Amino acid sequence: MIASAARPKLMPAFPAGSSAIVTSRLASHDLLDELQGITGYYFAQPTEHYVGMAPDAYRMLVADAQDELNRRQMARRLAADRRAELEAVLGTDEILIQTNLYLRATRPKSTSDQEHIGWHRESFYGPDMDASVNLWVPIRNVSVDNAVRYVPDSHLIADAAIQTVQEDSADVARFSAGHRIGLLYAPKRIVGGVELAVHRPLVVTPGEAAIFSGALIHGAAANHSNQIRFSVDFRAIAECNLATDKHHFTSGKSYFEKL
């Protein structure tokens, strides 16, 4: 059921001093094993093989691996594993999850600006997303140096106080393989209202998941390691907060479904 747009939102609640982030260990280690196994299967060649691939060919490979993760309903399984934490943050057991999980597979020494997503918050790209949370799980080769970055307490900054400019991407077309894996064809760039220089790494150890506010300013770091960095993420929201549902291009379904 889609909530009334006039109904007050049940905003996510995080512990004081947490910068709207909570981390916890997956109850099932088999989930991480499966994520690592699937990425290992699709990316079995030496790293240099993938570094040399053309962007479109590489994105198609990432999309194929992502499709397999979604066939296995990894978003639903990860959300079910962390259900208690999601309920505590969202303040309800009536939870919707994104119908598509994204696989992030950023190559080292990438020549493409669009193998990682820059600074943003979810409300830049969809209605009601100020009340959403992200669930992020590192899979392999994620370190303090190349992890997701966030600006502490930036979830408290009003949208109206943030200045952005929207630019068409030079190398990601709408409905392309890049779009399927979550790259942006018309990204918004923050040009004011946020002190980006104070960013910190989101430190999540192997076997843990992070849940953080969709209003938190965050972005993936460039990968300066010598290995492909793998992680997955998807969004969740209290059912009462979704006033405007929409079609999800990648999943071919509504953007959200009941957990």
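For the structure, see preceding data.
Everything quoted here is computed from the prediction, not taken from an experiment. (Residues numbered from 1 in each chain as written. Predicted model: local features only at pLDDT ≥ 70, side-chain atom pairs only at ≥ 80, totals over all residues. Heavy atoms only, no water.)

Section: unusual backbone geometry
Thought 1: Despite not being glycine, Gln 73 has its phi angle at roughly 55°, a positive value.
Thought 2: You can see Gln 73 is positioned in the loop between helix H3 (55-71) and helix H4 (74-81).
Thought 3: Phi is positive for Asp 128, which is not a glycine, with a value near 70°.
Thought 4: Here Asp 128 lies in the loop between strand S3 (102-106) and strand S4 (133-140). (Helix = DSSP H or I, 4+ residues; strand = E, 2+ residues; numbered from the N terminus.)

Concerning the pairing of strand S2 (residues 95-98)
Thought 1: Pairing between S2 and strand S11 (residues 229-238): three bridges, direction antiparallel. Note on S11: the bridge partner recorded for Leu 96 is Ile 237.
Thought 2: Relative to strand S12 (residues 256-258), S2 runs antiparallel, the two being bridged by three bridges. Each residue of the ladder has a partner; that of Ile 97, found in S12, is Glu 257. (Pairing = 2+ DSSP bridges.)

A look at the packing of aromatic side chains
Thought 1: Evaluation of the coordinates by the stated rule reveals seven aromatic pairs.
Thought 2: Ring plane angle 75° and centroid distance 6.2 Å describe the contact between Phe 124 and Tyr 125, whose orientation is recorded as edge-to-face.
Thought 3: Relative accessible area serves as the criterion here: at 27%, Tyr 125 is assigned to the partly exposed category.
Thought 4: Every member of this aromatic cluster is reached through a ring pair, and the members are Phe 43, Tyr 50, Tyr 58 and Phe 230.
Thought 5: Against the face of Tyr 58 rests Arg 107, its NZ or CZ located 4.2 Å from the ring centre.
Thought 6: Note that Lys 246 overlies the ring of Tyr 255, its terminal NZ or CZ placed 5.1 Å from the centroid. (Phe/Tyr/Trp six-rings, centres within 6.5 Å; stacked < 30°, edge-to-face > 60°. Buried < 20%, exposed > 50% of the residue type's maximum accessible area, 1.4 Å probe, protein only. Lys NZ or Arg CZ within 6 Å of the ring centre and 35° of its normal.)

So, the pairing of S4
Within a regular beta strand, the side chains point alternately toward one face of the sheet and then the other, so they alternate between its two faces.
Thought 1: The element S4 is extensively covered by neighbouring structure, given that seven of its eight residues are classed as buried.
Thought 2: Alignment of S4 against strand S9 (residues 208-213), held across four bridges, turns out to be antiparallel. Its bridge partner being in S9, Asn 134 is matched across the sheet by Phe 212.
Thought 3: Sheet topology note: the S4/S11 ladder contains seven bridges and is antiparallel. Bridging from a neighbouring strand, Pro 138 pairs with Ser 231 of S11.

A few points about empty space enclosed by the protein
Empty pockets left among the atoms are what a rolling probe the size of a water molecule brings to light.
Thought 1: Enumeration according to the criterion identifies one cavity of 30 Å³ or more in this entry.
Thought 2: Surrounding the largest cavity, Pro 127, Met 129, Leu 242, Thr 244, Asp 245, Lys 246, Tyr 255 and Phe 256 form its lining.
Thought 3: Tallied by class, the residues present in the lining of the largest cavity amount to five nonpolar, one polar and two charged. (1 Å grid on protein atoms, 1.4 Å probe; cavity = no way out; pocket = protein on both sides within 12 Å on 5 of 7 lines; lining within 4 Å. Points joined across faces, edges and corners; volume = space filled by probe spheres on them. Nonpolar A, V, L, I, M, F, W, Y, C, P; charged D, E, K, R; others polar.)

Points about the pattern of salt bridges
If charged atoms from side chains of opposite charge come close, those side chains can pair.
Thought 1: If you walk through the whole model with that rule in mind, you get 21 salt bridges.
Thought 2: A salt bridge links Glu 167 to Arg 189; its shortest N-O distance comes to 2.8 Å. Here Glu 167, found in the loop between strand S6 (163-166) and helix H6 (177-180), pairs with Arg 189, found in strand S7 (residues 188-192); they are 22 residues apart in sequence, far enough to count as distant.
Thought 3: The class of Glu 167 is partly exposed, set by a relative accessible area of 34%.
Thought 4: With a relative accessible area of 43%, Arg 189 lands in the partly exposed category. (Salt bridge = Lys/Arg side-chain N within 4 Å of Asp/Glu carboxyl O.)

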